[in-house]
Amino acid sequence: MNFTLIQKNLSKDYVPIVLNVFNKNKTWVKESITKNCKLTSDIKDKLPNELIKEITEPFFSSDLLHYAHVLKFSSTGVLDYHDHKLFETFSFVLYLDNVGGTVFKTDEDEIFIHSRPNRLVLFDSKIMHKAINDGKERMIVGGGIIKK
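Read on for an overview of the structure. (Residues numbered from 1 in each chain as written. Predicted model: local features only at pLDDT ≥ 70, side-chain atom pairs only at ≥ 80, totals over all residues. Heavy atoms only, no water.)

Here we take up the sheet that holds strand 8 (residues 128-132). Within the open sheet, the three strands sit side by side as 6-5-8. Their pairing is antiparallel. Both edges of this open sheet fall to strand 6 (110-114) and strand 8, since each of them pairs with a single strand only. Averaged over all pairs of adjacent strands, the angle between strand axes in this sheet comes to 20 degrees, irrespective of strand direction. Bridge count for strand 5 (residues 101-105) against strand 6 is five bridges, and the pairing is antiparallel. Each bridged residue has a counterpart across the sheet, and for lysine 105 the counterpart in strand 6 is glutamate 110. (Pairing = 2+ DSSP bridges. Helix = DSSP H or I, 4+ residues; strand = E, 2+ residues; numbered from the N terminus. Axes fitted to C-alpha atoms, helices over the stretch in contact; angles between N-to-C directions.)

What follows deals with the side chain of asparagine 25. With respect to the element layout, asparagine 25 can be found in the loop between helix 1 (15-24) and strand 2 (35-39). Non-local contacts of asparagine 25, meaning those with residues more than four positions away in its chain, are made with Thr40, Ser41, Ile43 and Lys46. (Contact = heavy atoms within 4.5 Å.)

Backbone torsion omega between glutamate 57 and proline 58 reads 10 degrees, so that peptide bond is classified as cis. Residue placement: proline 58 occurs in the loop between helix 2 (49-56) and strand 3 (65-78). Although it is not a glycine, asparagine 36 sits at a positive phi angle of roughly 55 degrees. When you line up the elements, asparagine 36 lands in strand 2. A positive phi angle, close to 70 degrees, is found at asparagine 118, a residue other than glycine.

Positionally, leucine 39 belongs in strand 2. Linking leucine 39 and lysine 126, residues 87 residues apart in sequence, is a C-alpha distance of 22 Å. If sequence neighbours within four positions are ignored, leucine 39 has contacts with Trp28, Val29, Ser32, Thr34, His69, Val70 and Leu71.

This part takes up the pattern of salt bridges. A full pass over the atoms with the stated rule returns three salt bridges. Here glutamate 50 ties to lysine 12 by a salt bridge, and the two come within 3.4 Å at their closest N and O atoms. Of the two residues, glutamate 50 sits in helix 2 while lysine 12 sits in the loop between strand 1 (5-9) and helix 1, which places them 38 residues apart along the sequence. Take glutamate 50: its relative accessible area is 41%, and that puts it in the partly exposed class. Two residues, glutamate 137 and lysine 72, come together in a salt bridge whose shortest N-O distance is 3.8 Å. Of this pair, glutamate 137 sits in the loop between strand 8 and strand 9 (138-147) while lysine 72 sits in strand 3, placing them 65 residues apart in sequence. Judged by relative accessible area, which is 49%, glutamate 137 ranks as partly exposed. (Salt bridge = Lys/Arg side-chain N within 4 Å of Asp/Glu carboxyl O. Buried < 20%, exposed > 50% of the residue type's maximum accessible area, 1.4 Å probe, protein only.)

As far as function goes, none of this settles anything; it's purely spatial.
Below is the structure:
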């Protein structure tokens, strides 16, 4: 599999399901590279199988999703340029709202993907990227495919 970045819209509205998982979550990441952002621990096992399949297929088998967490940025939340190359081969962002987006830095360019509910972006984990929240509260699901 060789691709840099793919975006697609999921077939149905998964936002209420993910928000329910977030609201019921009891374990939180205490230290991270984010500022003013609340992160769940791994929620992969709390997501419906049909959502996991939509995230992974047709490019990967659903059992290759190894991690997923929800990030809730405050209006002053920051997540600067970073990558995931030490942890997984491919990464994803699933947007839950219309606030901001993500800047992906490829060798040739910077690509801005606007946040839209149920928009999924799959990308090579070596790609540097950062969150843009437009000074508003924002939520996404981020995760990894093919654990290293």
